[in-house]
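As a plain string of letters, each chain reads:
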Amino acid sequence: MPSDLLSLNLSIDPLLPPMSAAKGPSLSIKPLASATREQLARLYLSSYPPEVGTATLSEARQEIEESFAGTYGVLRDDASGVATVSGRPIGAIMVTERSIWDEGLLGPFVIDLFVAPEARGNGAGAMLVGHAVEACRAAGDSKLSLRIGEGTSPAAHAIYSKWGFTPA
């Protein structure tokens, strides 16, 4: 397996980061469908540098539409979610049933985790990952995987490490 692939063994019960560690008023995780695709596209565009994500809103809209259409795998409604503050989307995690890029890799796969730059540092990213971890564990999945790359921020690396993701 490539070195940019991380997995978390869900069959063991590690000491998990507290979900209440989020800072700020009324930060909550809601179903992905609670945000419009337009909101998600704008959030996606603002969350990644153009060389990593998309350079235009039109491209971001296409990326989000392709995610919902299953181009990157079938989305898991239970494990995907949107972080909101006072009802406004500030981040999202998108989890598919499996990786379409790794033939032998079984189990759910995080295709995207993004948080608006102005909302970073309040615990939204950690809460989104925790939501996915707990949903997959509750569904009986044995592991959750994701890829890191040049667009993965140091904060995201820290979140994955805190949750116990290790190279696959």
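Here goes a summary of the coordinates provided. Everything quoted here is computed from the prediction, not taken from an experiment.

Examining the sheet that holds strand E6 (residues 143–147)
Read across the open sheet, the seven strands follow the order E2-E3-E4-E5-E6-E1-E7; overall the sheet is mixed. If you trace the sheet from one side to the other, it starts and ends with strand E2 (27–30) and strand E7 (166–167), each paired once. Where strand E1 (residues 5–9) meets E6, five bridges bridge the pair, whose relative direction is antiparallel. Of the residues in E6, the one forming a bridge with Leu 6 is Leu 146.

Some points on the packing of helix H3 (residues 124–138) against helix H4 (residues 154–163)
Packing of H3 against H4 leaves a shortest axis separation of 10 Å and a crossing angle of 40°. It follows from the interaxial angle that H3 and H4 lie oblique. Helix-helix and strand crossings are classified by hand; for H3 and H4 the assignment is right-handed. Across the interface between the two elements, Gly 125, Ala 126, Val 129, Gly 130 and Val 133 from H3 touch Ile 159, Tyr 160 and Trp 163 from H4.

Some points on the pairing of strand E4 (residues 88–96)
When you tally the buried positions in E4, you get eight out of nine residues, the bulk of the element. Relative to E4, strand E3 (residues 81–85) runs antiparallel, the two sharing five bridges. Paired with Val 82 across the strands is Ala 92, a residue of E4. Taking the residues between adjacent antiparallel strands as the criterion, E3 and E4 are bridged by two residues, where Ser 86 takes a positive phi near 50°. Of the strand pairs in this sheet, E4 and strand E5 (residues 109–115) are connected by six bridges, and their pairing is antiparallel. Bridged to Gly 91 within E5 is Val 115.

Observations regarding the environment of Val 133
Here Val 133 lies in helix H3. Remark: the alpha-carbon pair of Val 133 and Lys 143, spanning ten residues in sequence, is separated by 8.8 Å. Excluding residues within four positions of it along the chain, Val 133 makes contact with Leu 8, Leu 10, Leu 144, Trp 163 and Phe 165.

Rules behind the numbers
- Residues numbered from 1 in each chain as written.
- Predicted model: local features only at pLDDT ≥ 70, side-chain atom pairs only at ≥ 80, totals over all residues.
- Heavy atoms only, no water.
- Pairing = 2+ DSSP bridges.
- Helix = DSSP H or I, 4+ residues; strand = E, 2+ residues; numbered from the N terminus.
- Axes fitted to C-alpha atoms, helices over the stretch in contact; angles between N-to-C directions.
- Parallel < 35°, antiparallel > 145°, perpendicular 65-115°, else oblique.
- Left-handed = near helix turned anticlockwise from the far one by under 90°.
- Contact = heavy atoms within 4.5 Å.
- Buried < 20%, exposed > 50% of the residue type's maximum accessible area, 1.4 Å probe, protein only.

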